[in-house]
Amino acid sequence: MMAYPNVISCDKETFLKSKLNQEYFRVLEIKPLKGIAKPGPVYEFSMTGWSQRSVASKHPILGRTEELSQYEMYLHNAILQHQQDFTRYRDNKFAIAFIGPNSIGKTRLLEECLVNTPKFIKYEKFVLDHYDKVSFKGFHYILSKVFTGSKSFRENSENRVRFSIDLSYATPIQIHAVNIVFDCRFPLPENFQHEEDLLDDLSVKQVIRNVWKRQFKNLWVAAIDNAHYLDDESWRVLLIILDTKTVFMVIALSDDEEHTPTIKNCLENSMIVNIRLSGIDRWFHAALACQLLDVQAIPADLEKVIETASAGMPGWIQNFVISLVQRGALSIVTVTREEAIDLGAVVPSSTLLRRTDVHIGAQYDDALSKRLSYQSIYSILSISAFSKQGSTFTIQEMDTIQMAVLAESFNFDDITMDMSMDAVILKTYDSLNPYEKMLLKCASVLGDVFSRRMLMHLLQNDSPRTVALAVAKLFVIRVLECEGGDFTRDLSMVLVHPAPTLPSMAPSAPYCKCLGTRQPACCEDLPNYAFCGYMKFRHPLFRSTTYDLLTENQKHDMHARALLYLERFTRRCLPCGGGCFSKFVGLRCDDGLVQESEAVKRTRHQIRALKTETVVPGDQDQLSVFAHEESSDFAIHIIPECSSLELLKKERSSSRFLEMKRLKRLRNKQMKKGVRSFSSVETNNCECLTILMTVYSQIIDHCRGAGEFNKLYEAYIEYVDINLISLNVPQAIRLLIEVENFVQNEDLFPENVHRKWIKRFQLAKICSMRGVCMLESGDLAEAKKQLLHAMELYYYPFPTSKHWVKLRSFGASLQQLMAVYLPKIYPKRISGIIGYYYEDIAFTLNILYQLFSECKETENAKLEAKCALNYALKTNANFRLLCICYGNMISVNREERNFRRCLKLKERAMELCHRKRGQLDVTEVQAVCYLYTCMFLFYVEYGKKMEGLELGLSVIPMLSDLTDLNTRQMLLLWLLKLLLADLRINEMVNIIREFFYMTDHYDLSSETWYYFYAIVILLDTGYCVESYGSCEKFYITKGDAILRSKTPEAAWNFFVAMWLITVRIGSWEQSIIWEEKIRKILSMKYKEHEFNIMMLIRLVEGLLITLVKETDQRNLNKILLLKKSIKSMFRDMNKACCRAPMYRPRYYLLYAYFLYIKKRKLQAFNLLKRAYESAKQCKHISLLIWIEHTRSHWRGTLTQACVDHWIYHLEPDNLLDYTDFDPEKIDIVPFTLPLPNDIEK
């Protein structure tokens, strides 16, 4: 592709069909492609793989030769012992722990170990922080980087676990351990509880080892930095996986005496080699200073000071040398080598300044050869003292070198007396001019990493040159440095995409690696790093020290300005329309359901004044009475609330009044439409979640600094919600702990409010969110405890007896009847904080409905669904909440077969969707998808095929956002059946390839469903998507592992379909492969479930064909057994058809076939006629053709070519490709059901 020059790129389909390891691909940045509306993800291919090899520093590491030698020795030993069944005690070393104080150089040593790792060994680096010290979170973080895939971490983890072990033979404690350790959600037996230590159980340890061994067959290296932040449970799990001899760990941690006993015990394990780090020898100090300054000589006095005060700590030397540069105490001059020696300077050997390793040198030479291709990105322009540092790699070929020189006025006594880094930073700060000081103060408020846009907003300076000069100065003295941002796809004012890492060594500072930054015409003489768009403090201590210099009023004002910037410019991503989010920091925009608050309106006017957005949903232009929402799926015209006379006076034109009436009629007509498709939703390239995650992480700090405590609470709750949508449960739990501690402080509430009531209200919301976290984690008992406690805090406790449950359910039903059938009268609409209170109760009740549904407590679930909708209708303004409530109630009434109530609820839900103005918010997509799925399943059971297809196809673009696996699969499976019944084969194939086949390689369930539906298309139409041989090869490759996938029903349906193919063509020897599976299926107990009816209809057909064969062979015993089994299955099918009327015609057809085999022809023809009428009523086109074909065969009017047509085209040389199918001609010839030889036609 020309959009991605000099790389081998491909689309998602090519990536998946290549069947290559994912390590050979990596996702490229999104670019607009000419002629392609939705290109989807684009991947770069590399034969060597993308294991993210560490780029070698151009300088060698000093004083760590012994440590590196030990690393290489133990790694070589691990490679030899990796495949050995038995390893001696002294050779069982699979981890090295580098232990030392801060600034000793652990991180640098860790990186050097990775550079020295052989290329055939894969490695990953993990950097932990103090937030990771939560049970098992450290191990989950490691898994998230190694269990990669196209889906969420939890789904990838579950797929890999299923692929590794057979969960059907696992004990409850083993499944519980897998859920905890690998962050899965496998079902557990009811009332299961385990309070003992999981990792002490031997069977649990064995399960963990089995999963790890199956996933990692080759040895790889795991480098863990800041391992002292690793929680105790993760340490214990790491010891368990070290026993597998599939991973070699390099660990760096501090020698803090406060290590927990668990960490100390783990470090004493024989498999871990502890290496205590000390300072580097003094003869390396001068060379290290030269490396940091990028020179070849330093003054002897400077070396003496470093030797005296540094204690050999590389980190201290780095900070000290940088502080000298920042204070202007050092300058760089170019002299000859002889002159430097004559001046008494220390000139270290060139081998200490430049790498001499062969493999590293080759890598560096290759990087130099590529340097020209990246000149446009990294145009490193030096100023003043740094203008000649580009020649440092040819010192052996030149007579001149660069030498650091101390200023003449500099006193060495100052250096020896002032060794505190705080004091050094303050001196550097004092040396800056006032504007540079102000810039640093503003930057310190924004955080360690910040964007130039927010910095400019806080500075309130319109002169780009002034800012650029200050930034360039701070880059030169190494206070700031570039973080690397990609502004080539700059679609958000608050989100900065990271710049891609280039395969070359980092250039010498100062430099900027941002992409897409522009220099104003008045600043062409300045270096490119002066216009860096994404910066960070080189040392966090400088930021904290500068921030402490601000007064409390200054902090308050700057945080308030930063908060205002985020509130103004936080917008949806471009694919989602770029408008406001439906709710942001407690403020809701006018989406047709709730009237916009004055604060949001003021923000909109400010945005318009700033020209950041031209048209905002909900605004009414003063120049035009009609406001058109461009981002909506259909035009919605806002009619002012005024009388006709006032309107005529205002417009002074009767034609305008008539036009308004016409538009009002048009809107009413649109409101009466059945389904709103929300076709503008674009989820593939949506970045709204990323934007919100980035913004909320900053807003929390700015709200706290600005004293906006109400906004702080709202930001915390909304941030938790976004984390739950992203399935980041540990982060959500951590945030809830923080906000709970914040709410407990009563001094934060104003004096004019009822503090106790507000506090209970907020604590109840926190308990509700914590209940969601526990439910997502699979801890149903704790989830129930938290949710019930929340209801008590809401003063609405859950009833304690069945009697009170029934009584409250009856009252809720009456209220709901009035609300649904009399929406204009009841209930009275409530807004304000009382309205929020009711909405939060409804939210908690919805979660309780989900909890009780999983616990099989049907009556309790019904009660909560009813009460939730009643409370949500009190405000009738929360679109997301109402969608979930309506979906729950439709599901409840569908289970009770109360279709009349379902129709009324569906009508009210559609009115809600038409009231919604503008595009869907990222937080609302999943709710709408759930609502439409519930309505779709209702239509399926109600027998409304066309309405169901319309709803189902509306959900398809949003399907990837539906996290409920069962609901998503039910929607897909029923939608595919409806498409097949309508003979829309091409649409069906597109869907199964997009949602089943085109997934990550470990999703066996999806791949099994894909091959099953390929066989179903072949069975029902005779057209081939995948041949029988391809499907058989799939089973031979995967084996019985497909039974351990997410939905084992996929495997059983696949077995039945493959067996039916062999039975239809009479290949009885080949059918032996599947007979064992069929016998297991026959021994199962069938429930009224959609998966079972799918399987039963194929199974009965195959048994009827087998009955014909046995009848011809006069095998009486088998005939009697088959008839008994078939009659039992027909009874099960009849019951299942009550819930799935779509299968009723096929049931009649097969039962008529059974009667015809028994020579009861009159009854068979009557039932066949009934099947035809039923299929016609359901508009089941493929079945209508099959029924007519069967009737003609029984009457003897079919030609022999038509009789053998299906079997003839099953042969490999005669396959009918599905792309040749013409839906207008409908030229399919179905399979001809065979008849016994003694039956006369």
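Reading guide: rules and limits
- Residues numbered from 1 in each chain as written.
- Predicted model: local features only at pLDDT ≥ 70, side-chain atom pairs only at ≥ 80, totals over all residues.
- Heavy atoms only, no water.
- Phe/Tyr/Trp six-rings, centres within 6.5 Å; stacked < 30°, edge-to-face > 60°.
- Helix = DSSP H or I, 4+ residues; strand = E, 2+ residues; numbered from the N terminus.
- Buried < 20%, exposed > 50% of the residue type's maximum accessible area, 1.4 Å probe, protein only.
- Pairing = 2+ DSSP bridges.
- Axes fitted to C-alpha atoms, helices over the stretch in contact; angles between N-to-C directions.
- Patch = residues over 30% accessible without salt bridge, like charges linked within 9 Å, V, L, I, M, F, W, Y side chains within 5 Å.
- Areas by Shrake-Rupley, 256 points an atom, 1.4 Å probe, with all protein chains shown as cover.
- Salt bridge = Lys/Arg side-chain N within 4 Å of Asp/Glu carboxyl O.
- Lys, Arg positive; Asp, Glu negative; His and termini not counted.
- Charge placed at Lys NZ, Arg CZ, Asp CG, Glu CD.
- Expected span 1.5 Å × (residues − 1).
- pLDDT = per-residue confidence, 0-100.
- Contact = heavy atoms within 4.5 Å.
- Core = buried A, V, L, I, M, F, W, Y, C linked by side-chain atoms within 4.5 Å.
- Parallel < 35°, antiparallel > 145°, perpendicular 65-115°, else oblique.
- Nonpolar A, V, L, I, M, F, W, Y, C, P; charged D, E, K, R; others polar.
- Left-handed = near helix turned anticlockwise from the far one by under 90°.
- Polar contact = N/O pair within 3.5 Å; in protein donor to acceptor, adjacent residues only side chain to side chain.

Under an unreviewed UniProt entry, the name given to the chain is Adenylate cyclase type 10, and the source organism is Bombyx mori.

**Student:** Looking at this structure, how should I read the packing of aromatic side chains?
**Tutor:** Working definition: an aromatic ring pair is given by the centre-to-centre distance plus the angle between the planes. Taken as a whole and judged by the stated rule, the model has 53 aromatic pairs. Taking the centre distance of 4.7 Å and the plane angle of 45 degrees together, the rings of Tyr-565 and Phe-569 count as tilted. A residue pair is termed a helical-turn pair when its members lie 3 or 4 positions apart in one helix, as Tyr-565 and Phe-569 do in helix H21 (residues 552-569) at four residues. Using a relative accessible area of 3% as the deciding quantity, one classes Tyr-565 as buried. Consider the rings of Tyr-1035 and Trp-1074, whose centres lie 5.1 Å apart with planes at 50 degrees: the pair is tilted. Here Tyr-1035 is found in helix H40 (residues 1028-1038), whereas its partner Trp-1074 is found in helix H42 (residues 1072-1082), with 39 residues between them in sequence.

**Student:** When you look at the sheet that holds strand E6 (residues 220-225) in this model, what are you seeing that I'm missing?
**Tutor:** As a general point, the strands of a sheet are linked pairwise by backbone hydrogen bonds and lie either parallel or antiparallel. Ordered by their spatial adjacency, five strands build an open sheet running E5-E6-E7-E4-E8, and the pairing between neighbours is parallel. Taken across any chain shown, the strands that pair with only one partner, and hence form the sheet edges, are strand E5 (122-127) and strand E8 (272-276). Along the sheet, successive strands turn relative to each other by an average axial angle of 15 degrees, direction set aside. Where strand E4 (residues 95-100) meets E8, five bridges bridge the pair, whose relative direction is parallel.

**Student:** It is not clear to me how the pairing of strand E10 (residues 400-406) should be interpreted in this structure. Could you clarify?
**Tutor:** Both faces of the sheet carry side chains from a regular strand, because those side chains alternate between them. Judged by how many residues are buried, E10 sits mostly within the fold: five of seven residues are covered. Where strand E9 (residues 330-336) meets E10, seven bridges bridge the pair, whose relative direction is antiparallel. Bridging from a neighbouring strand, Ile-332 pairs with Ala-404 of E10.

**Student:** Even after reading the chapter, I still don't get a positive patch on the surface, so can you show me in this structure?
**Tutor:** On the surface, Lys-1127, Arg-1131, Lys-1135 and Arg-1160 cluster together to form a positively charged patch. The topology assignment puts Lys-1135 in helix H44 (residues 1116-1137).

**Student:** I would appreciate a short explanation of the environment of Ala-345 in the present structure.
**Tutor:** Mapping Ala-345 onto the fold places it in the loop between helix H13 (337-342) and helix H14 (358-369). C-alpha separation for the pair Ala-345 and Gln-296, spaced 49 residues apart in sequence, amounts to 9.8 Å.

**Student:** Got a minute to help me understand a nonpolar patch on the surface in this structure?
**Tutor:** On the surface, a nonpolar cluster with roughly 670 Å² of combined accessible area is contributed by Phe-810, Leu-814, Leu-817, Met-818, Tyr-821, Leu-822 and Ile-825. Among the residues examined, Tyr-821 registers a relative accessible area of 35% and is labelled partly exposed.

**Student:** In this structure, what is going on with helix H39 (residues 1004-1021)? I would like to understand it.
**Tutor:** Since one α-helical turn is 3.6 residues long, residues separated by three or four positions face the same way. An ideal rise of 1.5 Å per residue puts 26 Å on 18 residues; H39 measures up with 26 Å between its terminal C-alpha atoms. Burial analysis of H39 places 18 of its 18 residues in the buried class, the great majority of the element. Phi for Gly-1022, located one or two positions after H39, is positive at around 85 degrees.

**Student:** Sorry, what's going on with the confidence of the model for the chain here?
**Tutor:** Close reading of the predicted structure is inappropriate where its pLDDT is low. Here the chain averages 80 in pLDDT, while 82% of its residues score no lower than 70. Counting contacts from residues 358-398, a segment whose pLDDT is below 50, to residues more than four positions away or on other chains yields 65 contacts. In this model residues 610-672 is a low-confidence stretch, pLDDT under 50, and it forms 73 contacts with partners more than four residues away in sequence or in other chains.

**Student:** Whenever I open this one, the pairing of strand E15 (residues 534-537) confuses me. Can you help?
**Tutor:** Side chains of E15 alternate between two faces, with Met-535 and Phe-537 buried and Tyr-534 and Lys-536 left unburied. Of the pairings in the sheet, the one linking strand E11 (residues 449-451) to E15 comprises three bridges and is antiparallel in character. The residue bridging Val-449 from the neighbouring strand is Lys-536, located in E15. Two strands pair when backbone bridges link them, and strand E12 (residues 480-482) and E15 are joined in this way by three bridges, in the antiparallel orientation. Among the inter-strand pairings, Cys-482 is bridged to a residue of E15, identified as Met-535.

**Student:** Please explain the environment of His-140 as it appears in this structure.
**Tutor:** With respect to the element layout, His-140 can be found in helix H4 (residues 137-146). Taking relative accessible area as the criterion, His-140 reaches 12% and is therefore assigned buried. Separated by 42 residues in sequence, His-140 and Phe-182 have C-alpha atoms that sit 6.8 Å apart.

**Student:** Before we go on, may I ask you to explain the environment of Lys-473 in this structure?
**Tutor:** Here Lys-473 lies in helix H19 (residues 464-476). When the C-alpha positions of Lys-473 and Pro-510 are compared, they lie 9.9 Å apart, and in sequence the two are 37 residues distant. With near-sequence residues (within four places) excluded, Lys-473 lies in contact with Leu-432 and Glu-436.

**Student:** Looking at this structure, I do not really get unusual backbone geometry. What am I missing?
**Tutor:** Leave glycine aside and you will find that most residues have negative phi; peptide bonds, for their part, are mostly trans. The backbone phi angle of Ala-311 is positive, close to 60 degrees, even though this residue is not glycine. Here Ala-311 is to be found in the loop between helix H11 (300-309) and helix H12 (314-326). The phi dihedral of Tyr-795 falls on the positive side, at around 60 degrees, and the residue is not glycine. As for its placement among the helices and strands, Tyr-795 is situated in the loop between helix H29 (780-793) and helix H30 (802-821).

**Student:** Quick question: what am I supposed to make of the nonpolar core here?
**Tutor:** Across soluble globular proteins, nonpolar side chains have a tendency to be buried as a group. Among the nonpolar cores identified, the biggest contains 265 residues, and Leu-480, Tyr-932, Tyr-1013 and Phe-1054 are the most heavily contacted of them. Ranked by residue count, the leading element in this core is helix H35 (residues 925-942), at 14 residues. By size, the runner-up hydrophobic cluster in this structure holds 105 residues, among which are Ile-61, Tyr-71, Leu-110 and Val-146.

**Student:** Mind showing me how you'd approach the sheet that holds E15 here?
**Tutor:** Within the open sheet, the three strands sit side by side as E11-E15-E12. Their pairing is antiparallel. Because the sheet does not close on itself, it has two edges, and the strands there are E11 and E12. Shown here is a sheet whose adjacent strand axes are inclined to one another by a mean of 35 degrees, direction ignored. Of the strands in this sheet, E12 and E15 touch H19, which is tilted by about 95 degrees from E12.

**Student:** Explanation requested: the pattern of salt bridges in the structure shown.
**Tutor:** Per the stated rule, a full pass over the model turns up 44 salt bridges. Through salt bridges with shared partners, one network takes in Arg-154, Asp-183, Arg-185, Glu-776 and Glu-854.

**Student:** Help me out: how do you make sense of helix H26 (residues 709-725) in this one?
**Tutor:** For H26, built from 17 residues, the straight-helix expectation of 24 Å at 1.5 Å per residue is met to within 8% by its first-to-last C-alpha distance of 24 Å. Burial of H26 is extensive: 13 of the 17 residues sit out of reach of the surface. Within two residues after H26, Leu-727 carries a phi angle of roughly 60 degrees, on the positive side.

**Student:** Explanation requested: the packing of H4 against helix H8 (residues 232-242) in the structure shown.
**Tutor:** How two helices sit against one another is set out by the angle between their axes and by the gap between those axes. Contact geometry for H4 and H8: axes closest at 7 Å, N-to-C directions at 50 degrees. The angle between the axes of H4 and H8 places the two elements in the oblique class. The segment H4 lies against H8, with Lys-137, Gly-138, Phe-139 and Ile-142 engaging Ser-234, Val-237, Leu-238 and Ile-241. Taken together, the residues of the contact of H4 with H8 break down into five nonpolar, two polar and one charged.

**Student:** Explanation requested: the packing of H39 against H40 in the structure shown.
**Tutor:** Running from N to C, H39 and H40 cross one another at 155 degrees; their axes reach a closest spacing of 10 Å. Compared by their axis directions, H39 and H40 come out roughly antiparallel. Taken as a pair, H39 and H40 cross one another with a handedness that is left-handed. Counting all contacts with H39, which are made through Leu-1004, Glu-1007, Thr-1008, Tyr-1011 and Ile-1015, the residues of H40 involved are Ser-1030, Cys-1031, Phe-1034 and Lys-1038. For the contact of H39 with H40, the class distribution of residues is five nonpolar, two polar and two charged.

**Student:** What's the story with the side chain of Asn-893 in this structure? I'm lost.
**Tutor:** The residue Asn-893 is located in helix H33 (residues 879-895) in this model. Engagement of the side chain of Asn-893 in a polar contact is seen with the backbone oxygen of Met-889, the distance being 2.8 Å. Excluding anything up to four places from it in sequence, Asn-893 contacts Asn-898, Arg-901, Cys-902 and Leu-905.

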